[in-house]
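Close look at the chain arrangement
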Amino acid sequence: MKTTRTCQLLIVVIFLSMGTAADLPAEENEVPDVKQNTEGEEEEEQVPPLGPLGERVVAGQSVYSQEETPAPEEAGQAQGEQGHEEPQEFVVVGEEKEDLPDQPPPPKPKPKEIPVVIGGTAAGEPCVFPFLFLGKEYADCTTEGRRDGRLWCATTYDYDRDKKWGFCETEEQAEERRQAEEMEEQYQSAVRMINTTNRRSQKREAYERLLKISGKGHTKASEKVAYAMLFGDYMAQNVTKAKDLFEKLALEGSPKAQMALGFLYAAGLGVNSSQAKALVYYTFGALGGNLVAHMILGYRYWGGVGVPQSCESALTHYRLVANHVQSLSSVANDVSLTGGSAVQRIRLLDEVENPGSTSSMLEEDLIQYYQFLAEKGDIQAQVGLGQLHLNGGRGVEQNHQRAYEYFNQAANAGNTHAMAFLGKMYSEGSEFVPQNNETALQYFKKASELGNPVGQSGLGMAYLYGRGVPVNYELALKYFQKAAEQGWVDGQLQLGFMYYNGIGVKRDYKQALKYFNLASQAGHILAYYNLAQMHATGTGVMRSCHTAVELFKNVCERGRWSERLMTAYGSFKDGDMDAALVQYLLLAEQGYEVAQSNVAFILDQTEGSRIFSENETYPRALLHWTRAAAQGYTVARIKLGDYHFYGYGTDVDYETAVIHYRLASEQQNSAQAMFNLGYMHEKGLGIKQDIHLAKRFYDMAAEASPDAQVPVFLALCKLGFIYALQYLQDLNLKEAVSQVDLDQLLGPEWDLYLMTVIALLLGTVIAYRQRQHQAPLRPPPVPPRPAAPAPPADQPDQQQQQQPAPAMPEEQ
């Protein structure tokens, strides 16, 4: 036991020694082939987790500033050169601290190797850095001054004076380098085409280029092609070829490929399912800096999937990914007023049962209708379309030019929201709208004077950061309070920051917690992040690992990889069940509850995916319904009861079905679960038969949902009929009649009373029949008169004269 705990602690120490997100080389989106907003986001980058206020401490966590961020070369040495800071010591709450072996001293960084020149005028001599060439210093080998593109350097400081030089590479090495640079240029061109076009034909052409580049050994192109084959993105889906590519890349040390192999072994795609191998590959991918692998490990430790459940381990992984997500959100300024891009969680079950009810998508006809209203001068339609094009989402591509046009029309008509959003666009700047603090300030002031909370919040940001005006914390606080009083989420968030950091006000963690909670109710990603940090560190609130993990998980699910949800939904709408299933499976591994329920739904369908055999679909669906139910999805809990009731993917087990139905009825107040419990009480399935309890559950179901009233009425009618039959069967009529004493019950003269009542009834019937016979008869109706013969065509006037006058009422 002690050895196991020691190993676990050693693993945690290794993870923590990897540093924060600032020390970890990671890509903005570790899941490839998801559309990016900027063309450079495919490259690895080092983004320090700055707070929204630019402070070094955000919600209790110390982070690097821009100047303190380690260089990419240093951060990239994840395994071999982790020696820039001492590993943090981690002790799980509630466990005794054990003696760990002493950590070896960190290796010293190796000095830069000085190449020895080949050929030239100083063959065999070392390069001198920096050296002077044409009045410019060079700190590395260069191709300047050569037409063949070979790298060279000087062996003395002043080349212009001494003319001492030589090549830094052989001709073969130069040729290999030129080929690598050419492939990289082709790769970047293909990636730009994928990210900038919406035409499927052009995207297919770009992936064909990537396939050719991949054949030449380009690692990033191979990764993209492998994922495209796995997901069926603009290429024919081929899990087997994708697996072969991933295995080849994993041997070369690709973290993306290691994460993908972990996914294949976890889901059993193209390989025999092995959770142990999946865990190994996920761990390697996480050590290599793959954020999706960290997110998967966080979910596994949180839910105890294939590993012992550990809240602290889950917190470690989720916090690392959340640091990266929130840092990108802060640097990109795409959450300053909008709270971040919304994750569109579309449930396939709801989509099929209620077509057109999904609110996350806007149909093309509806968009055209709003565009028609906007062209006719409808201000609300103009503002709504402007917001859609500004942030993108709900089936609308991000387009700042269209957003500016709609906002400008509405602002000219006097709409304050449009003025405030125009100020936001000028404050942040874009390719279409140049950044201009003065113009932004004018729009914010105009909107604020008219009482608009968005404009007030924009003014507060201007005074807080000194954008176009001197920094004034008092005015910033004033405008944020005005915006927060009107319920504007950004005003609440910024007030939380100011109270937390003590900017312009006395530091007050209780007030910070209050405003962060208010902002989180509107779904602001930075509010979730700072609440998670406060609960993780116990700042201003009792420390709660469970709450911190849930909040960090929410932040992580707002990362760029969430766009895969819409890609999977598009594949489902196009009828490509296999592609949709694989994409939802990866998202389910990351812990997205909606993806888990969608995977189970696809497997539950008779015409579902062809990837798995028929005898595998129900057990796999049961597994994902179980994971979705563990995250609080009511329908999934009811589905678990149905699967155990009917024996889908498991043995028939009425008692387990009762447990799931009871959990759904007690925790989520589900009318369907209450109805099912009533039926099982009625039949005595898995529980004692009790008609009274059955009626009680039926009544509770009718109260919980109006939709259940009709089936509950029918069930109660059947229940009453069965109860009456059962009562009559239990009652012995002959014995009951023999035991009745009429003299004692009705008196000694009961027969006279009975004869009197019968006589009165008979007299009443006779009198009624006589009254009917005496009623006067109505005269028969007058038969219609025969029609007169038609006159000749040449006597129309005579015909009209000979027509009889209409009969009077008396004659009729």
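Scope of this entry: the structure provided in the associated data block. (Residues numbered from 1 in each chain as written. Predicted model: local features only at pLDDT ≥ 70, side-chain atom pairs only at ≥ 80, totals over all residues. Heavy atoms only, no water.)

Attention now goes to the pattern of salt bridges. With the rule as written, the count across this model stands at 22 salt bridges. The partner of R564 in a salt bridge is D233, with the nearest N and O atoms 2.9 Å apart. Residue R564 is found in helix α24 (residues 564–573), and its partner D233 is found in the loop between α6 (219–231) and α7 (239–251); the two are separated by 331 residues along the sequence. Here D699 and K695 are joined by a salt bridge, their closest N and O atoms 2.9 Å apart. With a gap of 4 residues between them, D699 and K695 both fall in helix α31 (residues 691–704), about one helical turn apart. (Salt bridge = Lys/Arg side-chain N within 4 Å of Asp/Glu carboxyl O. Helix = DSSP H or I, 4+ residues; strand = E, 2+ residues; numbered from the N terminus.)

As a further point, take unusual backbone geometry. For the bond from F129 to P130, the omega torsion is -10 degrees, close enough to zero to count as cis. Topologically, P130 is positioned in the loop between α2 (72–76) and β3 (131–133). One non-glycine residue with positive phi stands out, namely L134, at about 55 degrees. The residue L134 is located in the loop between β3 and β4 (136–138) in this model. What makes L134 exposed here is its relative accessible area of 67%. Phi at Y234 is positive, roughly 60 degrees, even though this residue is not glycine. (Buried < 20%, exposed > 50% of the residue type's maximum accessible area, 1.4 Å probe, protein only.)

For the rest of this paragraph, the subject is the nonpolar core. F246, F263 and Y584 are the most contacted members of the largest nonpolar core, which totals 154 residues. Every residue in contact with F246, bar those within four places of it in the chain, is listed here: A226, Y227, L230, A257, A260, L261 and L264. (Core = buried A, V, L, I, M, F, W, Y, C linked by side-chain atoms within 4.5 Å. Contact = heavy atoms within 4.5 Å.)

Residue position: Y698 is located in helix α31. Judged by relative accessible area, which is 1%, Y698 ranks as buried. Between the alpha carbons of Y698 and V712 there is a distance of 5.8 Å; along the sequence they are 14 residues apart. Among the polar contacts listed, one links the side chain of Y698 to the side chain of E682, at a separation of 2.8 Å. (Polar contact = N/O pair within 3.5 Å; in protein donor to acceptor, adjacent residues only side chain to side chain.)

In this section: helix α5 (residues 200–215). Taking 1.5 Å of rise per residue, the 16 residues of α5 would be expected to cover 22 Å, and the 23 Å separating its terminal C-alpha atoms lies within 8% of that figure. Every buried residue belonging to α5 is among K203, A206, Y207, L210, I213 and S214, and all of these are buried. One face of α5 carries all of its buried residues, which in axial projection span an arc of 110 degrees. For α5, the exposed residues set more than 90 degrees away from the buried face come down to S201, E208, K212 and G215. Of the residues one or two after α5, G217 is the one with positive phi, at around 95 degrees. (Expected span 1.5 Å × (residues − 1). Arc of directions from axis to C-beta.)

Moving on, we come to the side chain of H681. When you line up the elements, H681 lands in helix α30 (residues 671–683). Ignoring any residue separated from it by four or fewer positions in sequence, one finds H681 in contact with R662, I687, K688, Q689, D690, L693, A694 and F697.

A full pass over the atoms with the stated rule returns 30 aromatic pairs. Centre to centre, the rings of Y227 and F246 are 5.0 Å apart; their planes meet at 70 degrees, and the pair counts as edge-to-face. Highlighted residues: Y227 in helix α6 and F246 in helix α7, separated in sequence by 19 residues. Of the two residues, Y227 and F246, neither departs from the other in class, the shared state being buried. Relative to Y515, the ring of Y499 lies with its centre 6.0 Å away and its plane at 10 degrees, an arrangement referred to as stacked. Remark: Y515 occurs in helix α21 (residues 509–521) and Y499 occurs in helix α20 (residues 489–501); sequence separation between them is 16 residues. Per residue, the accessibility class of Y499 equals that of Y515, and both read buried. Geometry around F167 places R150 over its ring, the cationic atom sitting 3.8 Å from the centre. (Phe/Tyr/Trp six-rings, centres within 6.5 Å; stacked < 30°, edge-to-face > 60°. Lys NZ or Arg CZ within 6 Å of the ring centre and 35° of its normal.)

Another aspect to go through is a nonpolar patch on the surface. A cluster of nonpolar side chains, contributed by L366, Y369, Y370 and F372, occupies part of the molecular surface with about 380 Å² of accessible area. Note that F372 resides in helix α13 (residues 364–375). (Patch = residues over 30% accessible without salt bridge, like charges linked within 9 Å, V, L, I, M, F, W, Y side chains within 5 Å. Areas by Shrake-Rupley, 256 points an atom, 1.4 Å probe, with all protein chains shown as cover.)

Structurally, the α-helix is built with 3.6 residues per turn, so residues lying three or four positions apart point the same way. With 13 residues, α21 should reach 18 Å at 1.5 Å per residue; the first-to-last C-alpha distance of 18 Å fits that figure. Three or more residues of α21 are buried, namely A512, L513, Y515, F516, A519 and S520. The inward-facing, buried residues of α21 abut α20 and α22 (525–537). Sitting at the head of α21, D508 places a side-chain oxygen 3.1 Å from the backbone nitrogen of K510.

Here we come to the state of the cysteines. Summed over all chains, the structure comprises 3 disulfides. What pairs with C141 in a disulfide is C168, and their sulfur atoms sit 2.1 Å apart. Taking the sign of the S-S torsion, -85 degrees for the link of C141 and C168, the bridge is left-handed. Of the two residues, C141 sits in the loop between β4 and β5 (152–154) while C168 sits in the loop between β6 (165–167) and α4 (171–196), which places them 27 residues apart along the sequence. Covalently, C311 is tied to C545 through a disulfide, its sulfur atoms 2.0 Å apart. As the torsion about the S-S bond is roughly -115 degrees, the C311-C545 disulfide counts as left-handed. Of this pair, C311 sits in helix α11 (residues 311–332) while C545 sits in helix α23 (residues 545–556), placing them 234 residues apart in sequence. Residue class for C545 comes out buried when judged on its relative accessible area of 11%. Along the protein chain, the cysteines engaged in disulfide bonds are linked according to the scheme 1-3, 2-4, 5-6 when indexed in sequence order. (Disulfide = S-S within 2.5 Å.)

As a packed pair, helix α17 (residues 437–449) and helix α18 (residues 453–465) sit with axes 7 Å apart at the nearest point and diverge in direction by 135 degrees. In terms of axis orientation, α17 runs oblique to α18. You can see that α17 and α18 cross each other, and the crossing is left-handed. From α17, L441, F444, K445, A447 and S448 reach across to α18, where they touch V454, G455, Q456, G458, L459 and A462. Among the residues forming the contact of α17 with α18, the class breakdown is 6 nonpolar, 4 polar and 1 charged. (Axes fitted to C-alpha atoms, helices over the stretch in contact; angles between N-to-C directions. Parallel < 35°, antiparallel > 145°, perpendicular 65-115°, else oblique. Left-handed = near helix turned anticlockwise from the far one by under 90°. Nonpolar A, V, L, I, M, F, W, Y, C, P; charged D, E, K, R; others polar.)

Moving on to the environment of Y265. Take Y265: it is sitting in helix α8 (residues 255–267). Owing to a relative accessible area of 11%, Y265 belongs among the buried residues under this scheme. Separated by 10 residues in sequence, Y265 and Q275 place their C-alpha atoms 6.6 Å apart. With near-sequence residues (within four places) excluded, Y265 lies in contact with V271, N272, S273, S274, Q275, K277, A278 and Y281.

What follows deals with the packing of α18 against α20. The geometry of α18 relative to α20 is characterised by a closest axis approach of 9 Å and an angle of 30 degrees between their N-to-C directions. Accordingly, the angle class assigned to the pair α18 and α20 is roughly parallel. At the point where α18 passes α20, the crossing takes the left-handed sense. Where α18 approaches α20, its residues S457, M461 and L464 are matched on the opposing element by D490, G491, Q494 and M498.

To continue, consider empty space enclosed by the protein. Counted according to the given criterion, the structure contains 3 cavities of 30 Å³ or more. If you go around the second largest cavity, the residues you meet are S427, N437, A440, L441, F444, G458, M461, A462 and R467. At the level of secondary structure, the elements contributing two or more residues to the lining of the second largest cavity comprise α17 and α18. Of the residues forming the lining of the second largest cavity, the biggest block, 4 residues, is contributed by α17. The class makeup of the residues in the lining of the second largest cavity is 5 nonpolar, 3 polar and 1 charged. (1 Å grid on protein atoms, 1.4 Å probe; cavity = no way out; pocket = protein on both sides within 12 Å on 5 of 7 lines; lining within 4 Å. Points joined across faces, edges and corners; volume = space filled by probe spheres on them.)

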